[in-house]
Amino acid sequence: MTTVHDRPTASVPSRPRGGSLVQQFEYGLDAPICLTWELTYACNLACIHCLSSSGKRDPRELSTEQCEAVIDQLQAMQVFYVNIGGGEPTIRPDFWHLLEYAVSHQVGVKFSTNGVRITPERARFLASTDYVDVQVSLDGATADVNDRVRGEGSFDMAIRALENLSAAGFADAKISVVVTRENVDQLDLFKALADRHGATLRLTRLRPSGRGADVWDELHPTASQQRTLYEWLLRAGENVLTGDSFFHLAGFGESLPGLNLCGAGRVVCLIDPVGDVYACPFAIHDQFHAGNVLSPGGFGAVWKDSELFADLRSPQTSGACTKCEFFDSCRGGCMAAKFFTGLPLDGPDPECVQGYSEPALLQIGRTIPAAGQDHSRSARRPTGPTPLEIAPPSGPPVHACAESPLAGFTVPRP
Amino acid sequence: MLLDGAWTMSPSVSIRPEPFGALAYHFGTRRLTFLKSREMVSVVTGLAACATVREALAKAGVPQTQWSVFLQALEALADGGMIERRADLAAA
Ligand code: SF4
Ligand code: SF4
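Residue numbers run consecutively from 1 along every chain, following the written order of its sequence. The order in which chains are written sets their letters, starting at A; the order in which ligands are written sets their numbers, starting at 1. Reporting in this predicted model follows two pLDDT cut-offs: at least 70 for local features of residues, and 80 or more for side-chain atom pairs to be given and counted; totals over whole chains, interfaces and linings ignore these cut-offs and use all residues. To obtain the side-chain values, all non-hydrogen atoms of the structure were used and water was disregarded.

Visitor: In this structure, what is going on with helix 9 (residues 223–236) of chain A? I would like to understand it.
Guide: Residues and elements named next belong to chain A. In this description a helix means any DSSP run of H or I spanning at least four residues, a strand means any run of E spanning at least two, and both kinds are numbered starting from the N terminus. One fewer than the residue count of a helix, multiplied by 1.5 Å, yields its expected span. For helix 9, spanning 14 residues, the distance from its first C-alpha to its last is 20 Å, which sits close to the expected 20 Å at 1.5 Å a residue. Burial classes: relative accessible area under 20% of the type maximum marks a residue as buried, over 50% as exposed, and values in between as partly exposed (1.4 Å probe, protein chains only). Buried residues of helix 9: Gln225, Gln226, Leu229, Tyr230, Trp232 and Leu233, and no others. For helix 9, the arc enclosing every buried residue in end-on projection is 165 degrees, short of the 170-degree limit, so these residues lie on one face. The exposed set on the far side of helix 9, more than 90 degrees from its buried face, consists of Ala223, Ser224 and Arg235. A contact between two residues is defined here by any heavy atoms of the two lying within 4.5 Å. Buried-residue contacts for helix 9 involve strand 5 (174–179), helix 7 (187–196) and strand 6 (200–205). Arc definition: it is the arc formed by the directions from the helix axis to the C-beta atoms.

Visitor: Just checking my understanding: could you explain the nonpolar core for this structure?
Guide: When a protein is soluble and globular, its nonpolar side chains tend to lie buried together. Think of a nonpolar core as a cluster: buried Ala, Val, Leu, Ile, Met, Phe, Trp, Tyr and Cys residues, connected wherever their side-chain atoms sit within 4.5 Å. Counting residues in each nonpolar core, the largest one holds 101 residues, and the members touching the most others are Phe111, Leu126, Leu203 and Phe299 of chain A. Broken down by element, the residue count for this core peaks at 7 residues, all from helix 3 (residues 95–104) of chain A. If near-sequence neighbours (up to four positions away) are discounted, Phe299 of chain A is found in contact with Pro32, Leu35, Gln73, Leu74, Met77, Cys269, Ile271, Val277 and Val293 of chain A. Leu47, Cys50, Val53 and Leu57 of chain B belong to the second largest nonpolar core, which has 24 residues in total.

Visitor: Got a minute to help me understand the site of ligand 1 in this structure?
Guide: Whether a residue is near a molecule or strand depends on its heavy atoms: if one lies within 4 Å, it is near. Of all residues adjacent to ligand 1, which total 12 residues, the nearest are Arg207, Asp244, Cys262, Cys280 and Cys334 of chain A. Only Asp, Glu, Lys and Arg are considered charged, only Ala, Val, Leu, Ile, Met, Phe, Trp, Tyr, Cys and Pro nonpolar, and every remaining residue, Gly among them, polar. Grouping the constituent residues of the shell around ligand 1 by class yields 9 nonpolar, 1 polar and 2 charged.

Visitor: Could you clarify how one ought to interpret the packing of helix 1 (residues 38–46) of chain B against helix 3 (residues 67–79) of chain B in this entry?
Guide: The relative placement of two packed helices comes down to the angle between their axes together with the axis-to-axis distance. All names here are of chain B. The axes used here are C-alpha line fits, helices contributing only the stretch in contact, and every angle between their N-to-C directions lies in the interval 0 to 180 degrees. Orientation of helix 1 relative to helix 3, taken along the N-to-C sense of each, is 55 degrees, at an axis distance of 11 Å. When the axis of helix 1 is compared with that of helix 3, the two are oblique. Here helix 1 and helix 3 pass one another in a crossing that is right-handed. Contact residues: Glu39, Met40, Val43 and Val44 in helix 1; Phe70, Ala73, Leu74 and Leu77 in helix 3. Oblique is the label for any angle not covered by the other classes, which are roughly parallel (under 35 degrees), roughly antiparallel (over 145) and roughly perpendicular (65 to 115). The handedness criterion is simple: a crossing whose near helix is rotated anticlockwise from the far helix by less than a right angle is left-handed, and one whose near helix is rotated clockwise is right-handed.

Visitor: How should I be thinking about the sheet that holds strand 5 of chain A in this particular structure?
Guide: Hydrogen bonds between backbone atoms are what pair the strands of a sheet, whose relative direction is either parallel or antiparallel. All names here are of chain A. Taken in spatial order, the 9 strands make up an open sheet running 6-5-4-3-2-1-7-8-9, and their pairing is mixed. Each edge of the sheet is formed by a strand with only one pairing partner; in this case those strands are strand 6 and strand 9 (289–292). Neighbouring strand axes in the sheet, compared pairwise and without regard to direction, differ in orientation by 25 degrees on average. The pairing criterion is simple: DSSP has to find at least two bridges between the two strands. Relative to strand 4 (residues 132–137), strand 3 (residues 108–113) runs parallel, the two being bridged by 5 bridges. Across the sheet, residue Thr113 finds its bridge partner in strand 4, namely Val136. Packed on one face of the sheet, helix 2 (residues 64–76) meets strand 1 (34–38), strand 2 (81–85) and strand 7 (268–271) and runs near 175 degrees to strand 1.

Visitor: Just to check I follow, could you spell out the site of ligand 2 for this structure?
Guide: Near ligand 2 the following residues occur: Cys321, Cys324, Phe327, Cys330, Gly332, Pro348, Asp349, Cys352, Gln354 and Tyr356 of chain A. Within the shell around ligand 2, the residues separate by chemical class into 7 nonpolar, 2 polar and 1 charged.

Visitor: Teacher, can you tell me more about the packing of aromatic side chains here?
Guide: Each aromatic ring pair is specified by the distance between its two centres and by the angle formed by the two planes. Between 30 and 60 degrees the pair is tilted, below 30 it is stacked and above 60 it is edge-to-face, where a pair is any two Phe, Tyr or Trp rings, Trp via its six-membered ring, whose centres lie within 6.5 Å. Enumeration according to the criterion identifies 16 aromatic pairs over all chains in this entry. Ring geometry for Phe80 of chain A against Tyr25 of chain B: centres 5.0 Å apart, planes inclined by 5 degrees, an arrangement best described as stacked. With one member in each of two chains, Phe80 of chain A in the loop between helix 2 and strand 2 and Tyr25 of chain B in strand 3 (residues 21–26) form a pair that bridges those chains. The residues Phe80 of chain A and Tyr25 of chain B share a single accessibility class, namely buried. The interplanar angle of 40 degrees and the centroid separation of 5.3 Å between the aromatic rings of Tyr81 of chain A and Tyr25 of chain B together place this pair among those described as tilted. Within this pair, whereas Tyr81 of chain A is found in strand 2, its partner Tyr25 of chain B is found in strand 3, the two belonging to separate chains. The exposure class of Tyr25 of chain B is buried, given its relative accessible area of 2%. Each ring is checked for a lysine NZ or an arginine CZ that lies within 6 Å of its centre and within 35 degrees of its normal; such an atom marks a charge sitting over the ring. A cation over a ring is seen here: Arg207 of chain A above Phe282 of chain A, with NZ or CZ 4.4 Å from the ring centre. Sitting above the plane of the Trp303 of chain A ring, Arg313 of chain A keeps its charged end 4.4 Å from the centroid.

What follows is the structure in structure tokens.
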């Protein structure tokens, strides 16, 4: 298959002058605008679709001082905010300290949580801080649908957190939902739930990353559900955050609001708990590994000088997709989704709504790349096509910070 | 927007230079905006030190033929709270 490294790099095209922002983004920015930082692999839950296969803490996780050094560097690079996730970031003992440290260094924080530590007292603290956004993950609008994926009791825990936040006067929390085959019929319910809590709904795409690879075949929305989702977004999607989650749905005809571009390594990247830098939070794999923040020059040097990122910062070849009439807005979809379903990176997205990826997905012998890391607390389910049947989650439930790298990001009109 | 108004960038805004111009981020509203040319960046960052918008445009070397386009962009920035009217000459 074609990998990012196989692409011809002999003549690196240079950045155009002027042009649209999407064109400018293709060539990368001096610093990310959508940086996800996963602080720990430890998690109190065990969600079956966790993108970072979290569960157990990694002994090599960055120390408090190392985290502070990263924040100092982000401040110098003017990374205006970070999306903090995990694992469950709030169970790191120094979480609240790092949050205050970041905010006092002009690095705003949006953090994802399953709600476990959002007590009334913490909620009041959060309500009193500026520059902090809270995102509570929920994958069902009802306890049965949610808990099947995220584990027993996780629905109540999230709702309690939302109630604590609104009681404390925390304005505009986000409810972050990974859209699956099981909850796609609950979009109106989610919206109502968000409205009830004075929160904003954020929908993200289920990507076959981490443990998500184990359940993708049975949990990703069916072709007809994709259309339902697309129509719902057109009808009711105003004020719903989606980031770059659904630009592959542009293949239905109209492009949706949000960023229509894979920002990996260009405007998006991930710092993982041990300091490894990847092109995107959904691409934790050697092939998308750009460096480590502990190496000389730190994060800034990785962002500027990594060969991988240089490679990603040019228009990518798009094979069969270039002939598709929807290519301009769909752009072949999500790189990570292709990679972790064993599809070529220069072809259509596994959920190509025009159906162009179906033959490749049905191919016997399609190889799914092995996960880059696994911090799950119990044995993972085998990857690969599974029967169309929802098996109950194995092992203890956990979280998934359903990070979508650009969720919440809107491209302002020029 | 009046050419004779006195304006300044909001104190909650940070500017980050980029190859195409700059990113402007408002820490209060969490809005990210793109200033798509170097001249636009000079105008916005120059407002505070200039008595009027006219002076900031001239100083940034924006040709007069483009002033109306720049004024529209400044208008949009004002709507988003990225730039604010300055108290000292607010009536101007
Ligand atoms: S989630 Fe997919 S589309 Fe978005 S930046 Fe990552 S690889 Fe690209
Ligand atoms: S063929 Fe490619 S560009 Fe066209 S809809 Fe499918 S994934 Fe998108």
